[in-house]
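# Summary of the model geometry
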Protein chains: 4
Amino acid sequence: MEDKFLELKDVQSLPDFRNIPLNRVGIKNIRYPITVLDKQKGRQQTVANINMYVNLPHQFKGTHMSRFVEILNEYRGNISVKTFHKILNEMKRRLSSDEAHLEVEFPYFIEKRAPVTGTPGLMEYWCGLHGTLTEHLDMVLVAKVPVTTVCPCSKEISEFGAHNQRGEVRVWVRFNEFLWLEDLIQCVEKSASCQVFSILKRPDEKYVTEYAYTNPMFVEDVVRNVYIGLKELNGVSWFHIEAENFESIHNHSAYACTTYSSTED
Amino acid sequence: MEDKFLELKDVQSLPDFRNIPLNRVGIKNIRYPITVLDKQKGRQQTVANINMYVNLPHQFKGTHMSRFVEILNEYRGNISVKTFHKILNEMKRRLSSDEAHLEVEFPYFIEKRAPVTGTPGLMEYWCGLHGTLTEHLDMVLVAKVPVTTVCPCSKEISEFGAHNQRGEVRVWVRFNEFLWLEDLIQCVEKSASCQVFSILKRPDEKYVTEYAYTNPMFVEDVVRNVYIGLKELNGVSWFHIEAENFESIHNHSAYACTTYSSTED
Amino acid sequence: MEDKFLELKDVQSLPDFRNIPLNRVGIKNIRYPITVLDKQKGRQQTVANINMYVNLPHQFKGTHMSRFVEILNEYRGNISVKTFHKILNEMKRRLSSDEAHLEVEFPYFIEKRAPVTGTPGLMEYWCGLHGTLTEHLDMVLVAKVPVTTVCPCSKEISEFGAHNQRGEVRVWVRFNEFLWLEDLIQCVEKSASCQVFSILKRPDEKYVTEYAYTNPMFVEDVVRNVYIGLKELNGVSWFHIEAENFESIHNHSAYACTTYSSTED
Amino acid sequence: MEDKFLELKDVQSLPDFRNIPLNRVGIKNIRYPITVLDKQKGRQQTVANINMYVNLPHQFKGTHMSRFVEILNEYRGNISVKTFHKILNEMKRRLSSDEAHLEVEFPYFIEKRAPVTGTPGLMEYWCGLHGTLTEHLDMVLVAKVPVTTVCPCSKEISEFGAHNQRGEVRVWVRFNEFLWLEDLIQCVEKSASCQVFSILKRPDEKYVTEYAYTNPMFVEDVVRNVYIGLKELNGVSWFHIEAENFESIHNHSAYACTTYSSTED
């Protein structure tokens, strides 16, 4: 039976004469259960959206898509900053390429207690790891953190109240030292008018309402505060921050972003 | 050439022996530019998401999908409560069916002036018309209206401030008399803590902040207020209301819904 | 400190005089890690989208949203057909309501081997459990299954080839006996032109291409085949099936659906 | 009344001492009806998703969000490659900034006749214009084009049939000469196994099935063909192409992308 299969022509390996190299070829948007490192509990099981690409030199017609899924299937039990290099190497080796790209994004849960009553609940953060291996390894840690923002202008000009809303802060970070998602998220959460919780009892609701009201911030303020916080994290060499407010008084968002690179200091 | 085409077998019209009638067969999620009635300006051009279905009696293998698009292409210049009956009839006739269903949803824009400065802007509402024609015509008008809600509990228990957020109220309405989308939307907008605007200058922002703060409402309150408002609209015989708050203090929504039918009064 | 909190007014429990009962109030779209039953491995950890609602009698102003999250937090380690009754009862008890609704949807993974080479991979299915408890318990099992469909008309009229595409079959099932998601999914997969795999080597690709080409089906055929299959599953008393083809020759979908109830036999 | 308003403090204009300039601040995801240029009909009305940003120098606390909507409201009747410069200039002027960014994306419809019967229908393409004005103007034209792809490997190794599917090709193009969306789209459509239609009668379906089967292409082939086509368009100085196949035999996508810059030739 194997013999018969060996005769199936490998169309992807045919030569290509258009002389156009491709930056990335591979599989996109495959969902897979994975296990990631968890600062509190050691490991956390979650479900990821994954993209896997390699470059394709100009002389080949196509890549071998099934090999990406084979690699994913082997490593899914242990995907972390620490194993990315190995997975990317394996991609380069099996796909005979010079570059490999792996993007893994997933919901990540952290237990968080309500600020006054201490009632426990789990908060979801959309997180990710993006890695590229050429001669060198380039890794980016991603976190999307929901926050509360109270509008400083609204508070200042109104006799009472202030419009506020859910916002989302998204950060992409390059780093030289191991960085916990938990530390990255905490850095963002302390930079907004107030953090967000999955469960709040009445005393907690009083607390977050008053806390947020005394810390009014524009999206611009949030980005600047996160900027200051991230610069102080050990080993961070580059980051991009964006903040988006799902405005309670409009049907559109307020937005701000900026980028930092240690080499530009 | 035509002769040659006549010989192409009509597989859909083949008999089917599984004895299973199908409730709905047709095309789903086609986007098309359409023109709808506009209370202020007569007509408004927009882009719709459209579903078109008929029932399929058990003895036929399939329906003829291309005929739905032909009908859509003919009527796209004039889609309204007033022409739905005609379009549905055409669907029944050309697809040789007993029932026809047409669902048309689209962004609809209304000019709205900021409450104090009068600065003009356009507000988007996601609206729709759903129609079913059997022996009788059954029509449902749909509107999704963004609103502001201020939490009554947060206001009551906090010494200052109150958490608030963008919410969305969705209504589905059956009616005996012609009903303008504008009137339906206005009925919803006056039922929340405050309405939402596309443009607000500083005096307007002061106004909506204070207005909302003096009108705190839970999602439950919003649904009940819309309920009272819709019952007072002429010719409304049935409705379903749902309200969803994109909570500023949580990463999930608060939700409430209810249904009214005049025959249950 | 507790004393101080006891003084915080319970606004939700205030009387309401609008005389409008609400069908559902609660939390919507909260993401939570859960553990579900797995036919092969006993248990599977995944991440769910969850809605939790109760009814609200006309005399109360609001419900207590934080209690839903408390219940979710307690039961998240064991959510299945077998524990739904208990969770719904707990919702009724703690929210003092007559009805409780729980909707849990999640990606579910099943190991599946490529049809010829046997290469293992994980397939994702979007599944769910919806339950309502009034006097009685009403449960619905949900599964969304990707499939391949080859167009019978295209095959018949063309000299070679036939357009085919990914489709999705969605089923909602009521049952009297315990039903494994695996059995429900298998029933759907054998009803299409071919099932879908996460990994296929060349011999597998040859197999599925030829298998699908010899089993051409319209969306109408798929719905009817699933209908026949579900009726033969033990304990199934009601179901709704829909099939949607993401047509390879159009930018819209072909669609069919139907419903079965044992009481109408 | 005006006097009273003048006293409302302009919080955004307050000085900021964190010394962090922001790359982009503004409004995101506002939907607005706009009119764009149409090669056939002169003008086309559609509904756009719009982002508008300026840079914010380090010494200012915030930007003035309402001014973006004012500008949008003035120019919405005439948004095109030809007016972008003017709009961006107006943004820089009114927001007192050095840079302005405008991103406008919208469904765009082109009448297209079925290839054999000539039956007319409208095809939707998601298109866009992104512009940045600093000292110089930088413009990018965007088009997302649905196509059919037939797998060359599947065709080669199978005795009959070949898996095929809907794909999407996305292009971002910089240009020195005016470029019609219609020409950009046509260039993509002729680079895939077959183009996609909104309406096909039986003779048309036979035609596209056979046409696609005789033109099998991987995503890699599609990207390379579009590459060759775009290089031949007058005035194109840079482009990025990506192709994604919604595989009919998998539940994930196959993907390829590449970039061209005339300065690297």
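Residues numbered from 1 in each chain as written. Chains lettered and ligands numbered in written order. Predicted model: local features only at pLDDT ≥ 70, side-chain atom pairs only at ≥ 80, totals over all residues. Heavy atoms only, no water.

Let me state the cut-off plainly: UniProt positions are given in the numbering used here, feature names are shortened, and annotations may be inferred rather than shown by experiment.
Chain A is annotated in an unreviewed UniProt entry as GTP cyclohydrolase FolE2 of Dissulfuribacter thermophilus. UniProt, in the comment section headed Sequence similarities (unreviewed entry), describes chain A in these words: "Belongs to the GTP cyclohydrolase IV family." According to UniProt, the comment filed for chain A under the heading Pathway (unreviewed entry) is "Cofactor biosynthesis; 7,8-dihydroneopterin triphosphate biosynthesis; 7,8-dihydroneopterin triphosphate from GTP: step 1/1."

### Some words on the overall build of chain A
What counts is decided by this rule: Counting from the N terminus, the helices are DSSP H or I runs at least four residues long and the strands are E runs at least two residues long. Working definition: with a 1.4 Å probe on protein chains only, accessible area under 20% of the residue-type maximum means buried, over 50% means exposed, and in between means partly exposed. It only takes one pair of heavy atoms within 4.5 Å for two residues to be counted as in contact. For accessible areas, the Shrake-Rupley method is used with a probe of radius 1.4 Å. Any residue's cover is judged against the shown protein chains and nothing else. None of His or the chain ends enter the tally, which takes Lys and Arg as positive and Asp and Glu as negative. Every charge is mapped onto a representative atom, which is NZ of Lys, CZ of Arg, CG of Asp or CD of Glu.
Each helix and strand in chain A was counted, giving seven helices and nine strands. With the C-alpha coordinates of chain A rotated into their principal frame, the extents come out at 80 × 40 × 35 Å. Within chain A, the fraction of its 265 residues that count as buried is 65%. Sequence separation of 24 or more characterises 64% of the internal contacts of chain A that already satisfy a separation of 6 or more. Summed over all atoms, the accessible surface of chain A reaches about 10000 Å², with 46% contributed by carbon and sulfur. The distance from the centre of the 30 positive side-chain charges to the centre of the 35 negative ones in chain A is 4 Å.

### Things to note about the relation of the copies chain A and chain C
Stated precisely, the cut-off is as follows: When the copies are superposed, the least-squares fit draws on C-alpha atoms of residues that have pLDDT of at least 70 in both.
Each copy superposes on the other: chain A lies on chain C with an RMSD of 0.0 Å after a rotation of 180 degrees and an axial shift of 0.0 Å. With respect to symmetry, the two chain copies, as superposed, fit the operation of a two-fold axis. Minimal C-alpha distance to the rotation axis in chain A is attained by Thr 46 of chain A, lying at 3.0 Å.

### As for the packing of helix H5 (residues 181-189) of chain A against helix H7 (residues 219-232) of chain A
All names here are of chain A. Put simply, the rule is: Fitted lines through C-alpha atoms give the axes, limited to the stretch in contact for helices. The angle between two N-to-C directions lies from 0 to 180 degrees. By the definition used in this description, the sense in which the near helix is turned from the far one sets the handedness, with an anticlockwise turn below a right angle giving left-handed and a clockwise turn giving right-handed. Amino acids outside the nonpolar list (Ala, Val, Leu, Ile, Met, Phe, Trp, Tyr, Cys, Pro) and the charged list (Asp, Glu, Lys, Arg) are all regarded as polar, and Gly is one of them.
Viewed as axis vectors pointing N to C, H5 and H7 meet at an angle of 145 degrees, and their least axial separation amounts to 8 Å. Of the two elements, H5 crosses H7, and the hand of that crossing is right-handed. On H7, the residues touching Leu 184, Cys 187 and Val 188 of H5 are Val 226, Gly 229 and Leu 230. Residues belonging to the contact of H5 with H7 are distributed by class as follows: five nonpolar, one polar and no charged.

### Structural notes on the relation of the copies chain D and chain A
When chain D is brought onto chain A, the operation consists of a screw motion whose angular component is 180 degrees and whose axial shift is 0.0 Å, with 0.0 Å RMSD remaining. Mapped onto chain A, 100% of the interface residues of chain D are again interface residues, and the two copies thus contact each other with one and the same surface.

### So, the side chain of Asn 245 of chain D
Residues and elements named next belong to chain D. Stated precisely, the cut-off is as follows: Whenever a nitrogen or oxygen atom comes within 3.5 Å of another N or O atom, the pair is scored as a polar contact, on the condition that within protein one atom can donate a hydrogen and the other can accept it, and that pairs from neighbouring residues in sequence are kept only if both atoms are in side chains.
Mapped onto the elements of the fold, Asn 245 is located in strand E8 (residues 236-245). Judged by relative accessible area, Asn 245 falls into the buried class, the value being 5%. At 3.0 Å, the side chain of Asn 245 and the side chain of Thr 149 are in polar contact. Discounting chain neighbours no more than four positions away, the residues touching Asn 245 are Thr 149, Gln 165, Arg 166, Gly 167, Val 219, His 252, Ser 253 and Ala 254.

### Regarding unusual backbone geometry
Residues other than glycine seldom take positive phi values, yet Ser 96 of chain A does so here, at roughly 50 degrees. Tracing the backbone through its elements, the reader meets Ser 96 of chain A in the loop between helix H3 (81-94) and strand E3 (100-113). Positive phi outside glycine occurs at Asn 29 of chain B, with the angle close to 65 degrees. Considering the arrangement of structural elements, one finds Asn 29 of chain B in strand E1 (residues 22-38).

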